[in-house]
Amino acid sequence: MPAYAVLGGQWGDEGKGKIVDYLAESAHMVARFSGGNNAGHTVINRWGEFKFHLVPSGIFWPHAICVIGNGVVTDPDVLLEEIEGLKKSGANVSQLIVSDRSHIIMPYHVALDRLEEKARGGDAIGTTGKGIGPVYSDKAARIGIRAGDLLEPESLFSRLKSILDLKNAIITKVYGGIPISLEEVYERCKYWCAHLGPYIQPTQPLIHQTLESNKSILLEGAQGSLLDLDHGTYPYVTSSYPTIGGACIGLGISPRSIAGILGVFKAYSTRVGAGPFPTELDDDIGKAIRERAWEYGATTGRPRRCGWFDAVAARYTVSINGFTSAILTRLDVLDVFSPVKICTAYELDGKIIDRFPGSLSDLERCKPIVEELPGWDKPTASATRLEDLPSRAIGYVRRIEEVIGCPIDLISTGPKRHETVVIRKFM
Ligand code: IMP
């Protein structure tokens, strides 16, 4: 029963979209299991360049059933817009299904996300403002609206009324914001029922059938392990579980179904939003990485913070996920830098530590201890075979492998599907 999870090993934006699109050629199903349209997955293929926020990145393979799982939170307007865009580009969206248990991002979640961030002032998390924290809070508080509820508009009105009474009291009395109209939200729900209804169904039976018939499923992660609600740099995290446990809960599958856990890492580090980032480069090199790699958020357009590869953080995400393979992306970005650096330990209050601290204040005081490696004289960009990579680039890859304690089985050398070096076949 081969399921393979593709997870972010850093703070998100590792290039998972390209990897999922590439691997989906040999998968029968691609299933997203967490997060919402805070994610931005870029896929470049012969039909053009696409940025998906909700639709699984396997959508361009006609054989792949694409699932939006119960762990995902869905903004129906964003999903409908993506479906329309895909239809126009000729993709087959009839293979898309949305779990009836997926929670719906309502207009009041988006309003509250923005009001809460504003109220945090200098302590703002730097959320994407898409309603993610508020919708997952409602899920845990058991007052969420699920996709399946949209299919029963008659019973929805009274539930929406009591929820909106509460939300509007918070919006107006706590934050001095503008109340949200019950009638408008209800009309919107009816519209979503009419247009999204055909895609909504229980997804577990199909997932289980696929696994039982020994067909492969890619479990598509969003965000990165260091943004995990429990295991990330809390409170500077997202509100879902981008780690391996989230894949099981977010789709309703057993860990025993998972044959491979693939951790995607960029060849350097980035972070968007607030929170500790030990290897951050607040200098010309950081800026040069940002401009060369165009490190600007796919969802919000915000400039990403850039820094050297952090092997301490990577070792931690290897251990919490049990990665069976690592995938290194954007190696080509480093083609023009020499030396290239890897952070192998931190200095914390005069002591050298090699473990990622759990305490936020400890992490904030950590200074990176870096190892310098010589840059390479020949570009890696667009390479498709290991033997075509310059030996110093291979040395960089091998050193990362050594310090994170996980084999690097695939390298991405550019955004296009074929710009990929397979070192060892793992699925
Ligand atoms: P939220 O998920 O919108 O609540 O944002 C919480 C934190 O996670 C913020 O620092 C965001 O910038 C960050 N974040 C959320 N989604 C992504 C992503 O897809 N890539 C990178 N950072 C993200």
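Our subject is the structure listed above.
The residue numbering used here restarts from 1 in each chain and proceeds along that chain's sequence as written. Given that this is a predicted model, residues contribute local features only at a pLDDT of at least 70 and side-chain atom pairs are listed and counted only at 80 or more, while totals for whole chains, interfaces and linings are drawn from all residues. Hydrogen atoms and water are omitted, and side-chain values are computed over all heavy atoms in the structure.

**What about the nonpolar core?**
Ranked by internal contacts, the top residues of the largest apolar core, which has 55 residues, are Leu79, Leu96, Met106, Tyr108, Leu160 and Leu218. Domain start and stop positions are those given by an automatic or database domain assignment. The residues that make up this core include at least three from each of domain 1 (3-100 + 200-261) and domain 2 (103-196). Residue contacts are defined here by distance: any two heavy atoms, one from each residue, within 4.5 Å place the two residues in contact. Beyond its immediate sequence surroundings of up to four residues, Leu218 is in contact with Tyr4, Val6, Val20, Leu23, Ala24, Ala27, Met29, Val30, Ala31 and Met427. Buried residues of nine kinds, namely Ala, Val, Leu, Ile, Met, Phe, Trp, Tyr and Cys, make up a nonpolar core once their side-chain atoms join them within 4.5 Å. Buried, partly exposed and exposed residues are distinguished by accessible area as a fraction of the type maximum, computed with a 1.4 Å probe on protein chains only: under 20%, between the cut-offs, and over 50%, respectively. Counting 54 residues, the second largest nonpolar core, distinct from the first, contains Ala5, Leu331, Val340 and Ala383.

**Focus: the site of the ligand**
Definition of nearness: a residue and a molecule or strand are near each other if at least one heavy atom of the residue lies within 4 Å of the molecule or strand. The environment of the ligand is formed by 16 residues, the closest being Asp13, Asn38, Thr128, Thr238 and Arg302. Between an oxygen atom of the ligand and a side-chain N or O atom of Asn38, the distance comes to 2.9 Å. Pairs of N or O atoms within 3.5 Å make up the polar contacts considered here, provided that, within protein, one atom can donate a hydrogen while the other can accept it, and that residues adjacent in sequence are counted only when both atoms are side-chain atoms. The side chain of Thr128 places a nitrogen or oxygen atom 2.6 Å from an oxygen atom of the ligand. Contact with the protein chains hides 97% of the accessible area of the ligand, taken as 470 Å² for the molecule alone. The nonpolar class holds Ala, Val, Leu, Ile, Met, Phe, Trp, Tyr, Cys and Pro. Asp, Glu, Lys and Arg form the charged class, and all remaining residues, Gly among them, are polar. Class assignment for the residues of the shell around the ligand results in 7 nonpolar, 7 polar and 2 charged. The Shrake-Rupley method, run with a 1.4 Å probe sphere, supplies the accessible areas, and residue values consider only the shown protein chains as cover.

**Side note on the sheet that holds strand β1 (residues 3-8)**
For two strands to be treated as a pair, DSSP must find no fewer than two bridges joining them. Labels follow the DSSP assignment, with helices taken as runs of H or I lasting at least four residues and strands as runs of E lasting at least two, numbered in each case from the N terminus. An order of β9-β7-β5-β2-β10-β1-β11-β15-β19-β20 is seen for the 10 strands of this open sheet, with the pairing classed as mixed. Every interior strand has two partners, whereas the edge strands, β9 (200-201) and β20 (420-422), have only one. Relative to strand β10 (residues 217-220), β1 is paired through 4 bridges, and the arrangement is parallel. Following the sheet pairing, Ala3 is matched in β10 by Ile217. Axes here mean lines fitted to C-alpha atoms, for a helix over just the part in contact, with angles spanning 0 to 180 degrees between N-to-C directions. Strands β11 (258-266), β15 (325-329) and β19 (408-412) of the sheet are contacted by helix α13 (residues 391-404), whose axis makes an angle of about 135° with β19.

**Looking at the pattern of salt bridges**
Salt-bridge detection follows one rule: a side-chain nitrogen of Lys or Arg within 4 Å of a carboxyl oxygen of Asp or Glu. Counted by the stated rule, this structure contains 26 salt bridges. Between Glu295 and Arg304 there is a salt bridge, with its nearest N and O atoms 2.6 Å apart. Residues Glu295 and Arg304 agree in their burial class; the two are buried. Counted as one network, the salt bridges with shared partners bring together Asp13, Lys266, Glu295, Arg304 and Arg330.

**Some thoughts on unusual backbone geometry**
The omega torsion of the bond from Tyr234 to Pro235 falls at 10°, within 30 degrees of zero and hence cis. Summarising the element assignment, Pro235 is placed in the loop between β10 and α9 (244-249). The omega torsion of the bond from Ser338 to Pro339 falls at 0°, within 30 degrees of zero and hence cis. Tracing the backbone shows Pro339 in the loop between β15 and β16 (340-348). One non-glycine residue, Asp13, adopts positive backbone phi at about 60°. Take Asp13: it is sitting in the loop between β1 and α1 (16-23). Phi angles above zero are rare outside glycine, and Asp349 is one such case at about 50°. Examined against the element boundaries, Asp349 turns out to sit in the loop between β16 and β17 (351-353). We classify Asp349 as exposed; its relative accessible area is 55%.

**Points about the side chain of Arg304**
By the secondary structure assignment, Arg304 is in the loop between α10 (284-293) and β13 (305-307). On the basis of relative accessible area, Arg304 is assigned to the buried category, the value being 7%. Ignoring sequence-local partners within four residues, the contact set of Arg304 consists of Asp13, Lys266, Thr270, Arg271, Val272, Arg290, Glu295, Tyr296, Gly297 and Ala298.

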